[in-house]
Amino acid sequence: MCIDKCLQNSGCRSVNYNSKSLACELNFVGHSSYPSLLQSAVEFEYFHIATEHLEENCSVQNVECVALHTSEKKCIRSSSKMVAPENVALGKTVYSSSVYDGNYADHDVKYIVDGNSGKAFGICGSTYNEMKPWILIDLGQVYQIRKLNVVVYNLGYPDTTCAFYDIRIGLTTNTSEMTLCNTDSQYVSKIVECQQCIVGQFVHFQLNNNVNCHLHFCEVEIFAVKHML
């Protein structure tokens with residue numbers, strides 16, 4: 001029964017089950033990926049769940065909660081209501097390896113989540129010209145993420161030396177614990193689809209360059225649904 005509940009939820013990765021009290025805890029991470037987040041507890045058994053069942057669109061069923069006469073709250077998932085992904089990056093906190101200060105314009109990376117998708121210096125964000133620059137967006141809470149809309153300022157570079165960047169998503173800022181969403185080019189504005197539905201709070205962009213390059217975006221929209229486990 002506990003495993004069945006996990007299989008019905010697109011964000012579930014593992015469960016903790018107490019056979020005495022019949023308590024069932026759904027986890028949105030597995031112990032092998034995030035050992036620091038899961039700890040053993042007396043009378044609970046841990047079960048890892050294969051992820052092949054995950055829904056590709058990251059949509060989740062809505063949750064309805066009711067208060068019982070004991071004052072306890074019980075929550076169930078409503079099969080009739082689905083939560084559609086929305087842009088959860090707007091106005092969130094952005095960090096970067098550096099901030100470019102040239103061309104007499106402000107290139108603060110906060111501009112990539114300000115809702116202005118215009119392509120011009122002064123409303124786009126950029127790192128300095130450096131090796132493997134990175135930008136990190138903190139969404140503030142955990143979401144199920146599948147799709148991003150990345151708007152870039154086309155600088156007209158003739159080659160692909162500085163083009164390709166990795167997008168990684170995770171529950172911490174440690175890139176070694178993050179899941180690769182996809183690899184794309186910063187020379188083309190486009191919708192980027194992750195290879196799977198990924199649960200995380202932090203979205204990390206980093207160039208795969210071996211020479212000094214800028215990492216620059218005009219706007220990044222991250223389409224996700226709130227993780228409800």
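Since the model is a prediction, treat every value here as computed from it, not as a measurement.

(A) Structural view of the pattern of salt bridges. A full pass over the atoms with the stated rule returns 2 salt bridges. The partner of Arg146 in a salt bridge is Glu193, with the nearest N and O atoms 3.8 Å apart. With Arg146 in strand β9 (residues 134-151) and Glu193 in strand β12 (residues 190-207), this pair connects stretches of sequence that are 47 residues apart. Among the residues examined, Glu193 registers a relative accessible area of 39% and is labelled partly exposed. A salt bridge links Asp184 to Lys190, with the shortest nitrogen-to-oxygen separation between them at 3.4 Å.

(B) Spotlight on the nonpolar core. Core analysis: the biggest nonpolar cluster contains 33 residues, and Leu148, Phe205, Phe217 and Ile222 have the highest contact counts within it. At the level of secondary structure, the elements contributing two or more residues to this core comprise β9, β10 (164-170), β12 and β14 (219-226). A per-element tally of this core places β9 first, with 7 residues.

(C) Summary view of the environment of Cys6. As for its position among the elements, Cys6 is in helix α1 (residues 2-7). Sequence separation between Cys6 and Phe28 is 22 residues, and the spatial gap between their C-alpha atoms is 9.4 Å.

(D) Examining the pairing of strand β2 (residues 24-27) more closely. Where strand β1 (residues 14-17) and β2 come together, 4 bridges link them in antiparallel fashion. What sits directly across from Asn16, in β2, is Glu25. In this antiparallel pair of consecutive strands, β1 and β2, the connection spans 6 residues, and Leu22 shows a positive phi of 65°.

(E) Structural view of the confidence of the model for the protein chain. Of the residues in the protein chain, 69% reach a pLDDT of 70 or more, and the chain-wide mean stands at 79. When mean pLDDT is compared element by element in the protein chain, strand β7 (residues 93-96) scores highest at 98, while strand β4 (residues 60-67) scores lowest at 49. Within the model, the stretch residues 51-56 combines pLDDT values under 50 with 13 contacts to residues more than four positions away or in other chains. Note on residues 74-81: pLDDT is under 50 here. Beyond four places in sequence and across chains, it has 24 contacts.

Reading guide: rules and limits
Residues numbered from 1 in each chain as written. Predicted model: local features only at pLDDT ≥ 70, side-chain atom pairs only at ≥ 80, totals over all residues. Heavy atoms only, no water. Salt bridge = Lys/Arg side-chain N within 4 Å of Asp/Glu carboxyl O. Helix = DSSP H or I, 4+ residues; strand = E, 2+ residues; numbered from the N terminus. Buried < 20%, exposed > 50% of the residue type's maximum accessible area, 1.4 Å probe, protein only. Core = buried A, V, L, I, M, F, W, Y, C linked by side-chain atoms within 4.5 Å. Pairing = 2+ DSSP bridges. pLDDT = per-residue confidence, 0-100. Contact = heavy atoms within 4.5 Å.

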